Amino acid sequence: MKAGTLTTGIAAAVIVTAGLSGCTAGASVGEKAADSAETLVATLAKASDEASEAGSAEVVMNVTTPDTGGKPVEMKGTYSWGNGHALEAEMPAESLRMQELVADGTITYRLVQGAYYYGIDPAPSGPLKGKTWLKVEASAVLGEQGAAGMNADNGDPTAGLKSLKWASGVTKVGREDVNGKSSVHYRATVPVDKLGDAKAMFGAVGGSGATELVSDVWVDDEGMPTRLNQTVGDVTVNLDFLSFGVTKDIAIPPAADTADVTEDVKKGRAAQG
């Protein structure tokens, strides 16, 4: 497999979860939110607290960035933030341009303790001989500041709800069905300058030059998010929460089975300019 292709695929996969952290969205409990913006923001923060306490969720996520060629990359799996930022999911190898590394067309993807791992078939020869995992540090793609933004708030994808005090507008779009759950759809717009380290993260993956983050969130009658969509510049993250409170141990793969390709990714990104 060519180094450039490997770099692009890993970059796209890193970006899939990069869009989750340090972001801002809106939520409310059913349709009982008051019209006052101040009261609405307080209600949204409460909804965020309730979701945060769940600690984990089964999710389906789609991310589109310049590194994905403008096409959405989908992943399904378990996202955990109750005891550190962790994720395990399945992704189509073709969408990551990594199909040469697996026979069944699927990449198993893990995020554990700030590092990303990709399950591959063991190669019979070459630098990946006998290895069943690739490893890359997020900073190789996002930079140090961007990686810090990704890990903010312990990786909780709902933590950004508390940042709605910076929103220039929060509106109720209406009630819609999301995965069989009646949900209220809200939209919020936040200046990019208010995103902290997350601004650098989005800038690194295609959001440079953007002035605002637009977030849509759907919340069911129990006050839990069912869907979260975010757009900043050329980056779009769409996340469906299928269920909350799922427990799963997401472990770091054995070192002996892992090839660290962080430096290769850094060089590939530098070559791409």
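Numbers given to residues run from 1 along each chain, matching the order in which its sequence is written. Per-residue local features are limited, in this predicted model, to residues with pLDDT of at least 70; the limit for side-chain atom pairs, both in listing and counting, is 80 or more; totals at the level of whole chains, interfaces and linings are taken over all residues. The basis for every side-chain value is the complete set of non-hydrogen atoms in the structure, without hydrogens or water.

Draft legend 1. How the structure looks around the overall build of the chain. For the chain, the count of helices and strands is five helices and twelve strands. A simple rule labels every residue: compare its accessible area, found with a 1.4 Å probe on the protein chains alone, to the largest value its type can have, and call it buried under 20%, exposed over 50%, or partly exposed in between. Here the chain holds 273 residues, and 51% of them are scored as buried. Contacts were defined at the residue level, with two residues in contact if any of their heavy atoms lie within 4.5 Å. For the chain, the share of sequence-separated contacts (at least 6 apart) that also reach a separation of at least 24 residues comes to 61%. Accessible area for the chain stands at about 11,700 Å²; split by element, carbon and sulfur atoms hold 48% of it. Starting at the N terminus, helices and strands are each numbered in turn, a helix being any DSSP run of H or I of at least four residues and a strand any DSSP run of E of at least two. We get accessible surface area from the Shrake-Rupley algorithm with a probe of 1.4 Å; when it comes to residues, only the shown protein chains can shield them.

Draft legend 2. Broad picture of the nonpolar core. Of all hydrophobic cores here, the largest spans 43 residues; its most connected members are Met75, Met98, Ile107, Tyr109, Tyr116, Tyr118 and Leu134. Membership of the second largest hydrophobic core comes to six residues, among which are Val112, Ala115, Tyr117 and Ile250. The definition of a nonpolar core used throughout is a set of buried Ala, Val, Leu, Ile, Met, Phe, Trp, Tyr and Cys residues joined through side-chain atoms within 4.5 Å.

Draft legend 3. Examining the packing of aromatic side chains more closely. Only Phe, Tyr and Trp rings take part, Trp by its six-membered ring, and two of them pair if their centres are within 6.5 Å. Stacked means planes under 30 degrees apart, edge-to-face means over 60, and tilted covers everything else. Counted by the stated rule, this structure contains three aromatic pairs. Arranged with centres 5.9 Å apart and planes meeting at 25 degrees, the rings of tyrosine 109 and tyrosine 116 form a pair that is stacked. One exposure class covers both tyrosine 109 and tyrosine 116, and it is buried. Aromatic rings pair up to connect Tyr109, Tyr116 and Tyr118 into one cluster.

Draft legend 4. Looking closely at the pattern of salt bridges. By definition here, a salt bridge exists when the distance from a side-chain nitrogen of Lys or Arg to a carboxyl oxygen of Asp or Glu is within 4 Å. One pass over the structure, following the stated rule, counts seven salt bridges. Salt-bridge contacts for aspartate 221 lead to arginine 175; the nearest nitrogen and oxygen are separated by 3.2 Å. Residue aspartate 221 is located in the loop between strand E9 (212–220) and strand E10 (225–232), and its partner arginine 175 is located in strand E7 (residues 169–178); the two are separated by 46 residues in the primary sequence. Between arginine 227 and aspartate 240 there is a salt bridge, and its shortest N-O distance comes to 2.7 Å. Note that arginine 227 is positioned in strand E10 and aspartate 240 in strand E11 (residues 235–244), a separation of 13 residues in sequence. A relative accessible area of 22% places arginine 227 in the partly exposed class.

Draft legend 5. Inspection of the environment of aspartate 249 at higher detail. One can find aspartate 249 in the loop between E11 and strand E12 (258–260). By relative accessible area, aspartate 249 is classed as exposed at 70%. For the pair formed by aspartate 249 and serine 80, sequence separation is 169 residues and the distance between their alpha carbons is 9.1 Å.

Draft legend 6. Molecular detail of the side chain of serine 183. Note that serine 183 resides in strand E8 (residues 181–191). You can call serine 183 buried: its relative accessible area is 0%. For serine 183, the residues in contact, after removing those within four places along its chain, are Gly174, Arg175, Glu176, Val178, Trp218, Val219, Asp220 and Thr226.

Everything listed here is a matter of coordinates, which is why it stays silent on function.
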